[in-house]
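# Coordinates in review
Listed here are the chains, written in short residue letters.
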Amino acid sequence: MKSFLLGSLVFGLSTFTVASETIHWGYDHEISPEHWGELNENFKECSSGKNQTPIDIRNTYKSVIKHKLNIQYKVSPNDIIFNGHTVQVNTKKDDQSDYLILDGQKFFLKQFHFHTPSENQIEGKSYPLELHFVNANAQGDLTVLAVMFVLGEKNPEWDKLWIDLSSKENDDRHLSHEVNLNKLLPKNLDYYRFSGSLTTPPCSEGVNWVVLKNPLTISEQQLKTFKVLLKNQDNHRPIQPTHGRIIIED
Ligand SMILES: [Zn+2]
């Protein structure tokens, strides 16, 4: 299940493949998030899960000892693809140069992608854009590092990514510009942390979520290019119940 799941994440398939059968899911009509759990046996957790993401981050517990986030994103990513659901940027296969350390474990960066508007909310506030850095440890357990964006100054790294993007679905393109991933992170790495799930089918749980408190900026024009690609449809899952989960603020 784990390698299965990671496969679909890493290679950015726009659909979830079970044996020879392909299950289409999306954000509206009969394949919208409310229906994901019914689309396939393997998607059941989307409706039955009790630790689902996204959530509205509130009533947090302040950590007594501050645990500084250790993010080591050193190498420029490899390729960019519009997979029909989002724009996804992949690292080189088996890349071990980009990682973060959580609870003493290394989680290697596999890919990152975008949602508009944001999936998670902070104290009921939604953001125009949320970036998800998907990291996996050697066992295939996941940590998603989320960064919010507000409208403002344009983001130079965004343009370096977008320049190679093909608007054709699943048309993977090699990145021609060096991208500094640290410029897609705020300087202040204060964060919220909770246990959650993938926000897309199969909605598997046991995912560590780290949501950075401080947003970056993106220009209206940059956000527009993403929205046009999505045919002006949102690609975010609605807020899920927390079911007594503890949210740590660090
Ligand atoms: Zn995501």
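Residues numbered from 1 in each chain as written. Predicted model: local features only at pLDDT ≥ 70, side-chain atom pairs only at ≥ 80, totals over all residues. Heavy atoms only, no water.

Going by what an unreviewed UniProt entry lists, the chain is known as Carbonic anhydrase and is assigned to Acinetobacter pollinis. What the UniProt record of the chain gives under Cofactor (unreviewed entry) is the line "Zn(2+)". (UniProt positions renumbered as here; feature names shortened; annotations may be inferred.)

Okay, the overall build of the chain next. Helix and strand counts for the chain come out as five helices and 17 strands. A compact globule built from 250 residues should have a C-alpha radius of gyration of about 18 Å, and the chain, at 17 Å, falls within 12% of that. Here the C-alpha coordinates of the chain stretch approximately 50 × 40 × 35 Å along the principal axes. A buried classification covers 53% of the 250 residues belonging to the chain. Nonlocal contacts in the chain, meaning residues at least 24 apart in sequence, comprise 67% of its contacts between residues at least 6 apart. For the chain, the exposed surface amounts to about 11,900 Å²; the carbon and sulfur share of it is 50%. (Helix = DSSP H or I, 4+ residues; strand = E, 2+ residues; numbered from the N terminus. Rg over C-alpha atoms; globule rule 2.2 N^0.38 Å. Buried < 20%, exposed > 50% of the residue type's maximum accessible area, 1.4 Å probe, protein only. Contact = heavy atoms within 4.5 Å. Areas by Shrake-Rupley, 256 points an atom, 1.4 Å probe, with all protein chains shown as cover.)

Now for the coordination of the zinc ion. Around the zinc ion, the protein supplies H113 (NE2), H115 (NE2) and H132 (ND1) as donor atoms, at distances of 2.0 to 2.1 Å. Spacing between the donor residues of the zinc ion along their common chain follows H-x1-H-x16-H. Owing to a relative accessible area of 2%, H115 belongs among the buried residues under this scheme. (Donors = N, O, S within 2.8 Å, 3.2 Å for Na, K, Ca; no water.)

Another aspect to go through is the environment of I101. Note that I101 resides in strand 8 (residues 98-102). The partly exposed category is assigned to I101, whose relative accessible area is 27%. Contacts of I101, omitting those with residues within four sequence positions, involve N70 and K106.

To continue, consider the state of the cysteines. By definition, a disulfide links two cysteine residues through a covalent bond between their sulfur atoms. Taken as a whole, this structure holds one disulfide when the rule is applied. There is a disulfide in this structure between C46 and C203, and the S-S distance comes to 2.1 Å. Because the torsion about its S-S bond is 90°, the bridge between C46 and C203 counts as right-handed. Here C203 lies in the loop between strand 14 (191-197) and strand 15 (205-212) and C46 lies in helix 3 (residues 45-48), a separation of 157 residues in the sequence. (Disulfide = S-S within 2.5 Å.)

Following the criterion strictly, the structure yields 10 salt bridges and no others. A salt bridge links K93 to D94, with the shortest nitrogen-to-oxygen separation between them at 3.7 Å. Here E157 makes a salt bridge to K160, at a shortest N to O gap of 3.1 Å. Within this pair, E157 and its partner K160 are both found in helix 4 (residues 156-162), separated by three residues, close to a single helical turn. Exposure remark for E157: the relative accessible area of 1% places this residue in the buried category. Taking relative accessible area as the criterion, K160 reaches 28% and is therefore assigned partly exposed. (Salt bridge = Lys/Arg side-chain N within 4 Å of Asp/Glu carboxyl O.)

UniProt tags residues 23-250 as "domain: Alpha-carbonic anhydrase" (unreviewed entry). As annotated, residues 23-250 has a helix share of 11% and a strand share of 33%, and its two end C-alpha atoms lie 39 Å apart.

Okay, a nonpolar patch on the surface next. A contiguous nonpolar surface patch, about 290 Å² in accessible area, is contributed by Y61, I246 and I248. As for its position among the elements, I246 is in the loop between helix 5 (220-229) and strand 17 (248-249). For I246, a relative accessible area of 48% translates into the label partly exposed. (Patch = residues over 30% accessible without salt bridge, like charges linked within 9 Å, V, L, I, M, F, W, Y side chains within 5 Å.)

Relative to the assigned elements, S76 resides in the loop between strand 5 (70-73) and strand 6 (79-82). A distance of 2.8 Å separates the side chain of S76 from the backbone nitrogen of V179, its partner in a polar contact. The residues touching S76, leaving out its near neighbours within four places in the chain, are H177, E178 and V179. (Polar contact = N/O pair within 3.5 Å; in protein donor to acceptor, adjacent residues only side chain to side chain.)

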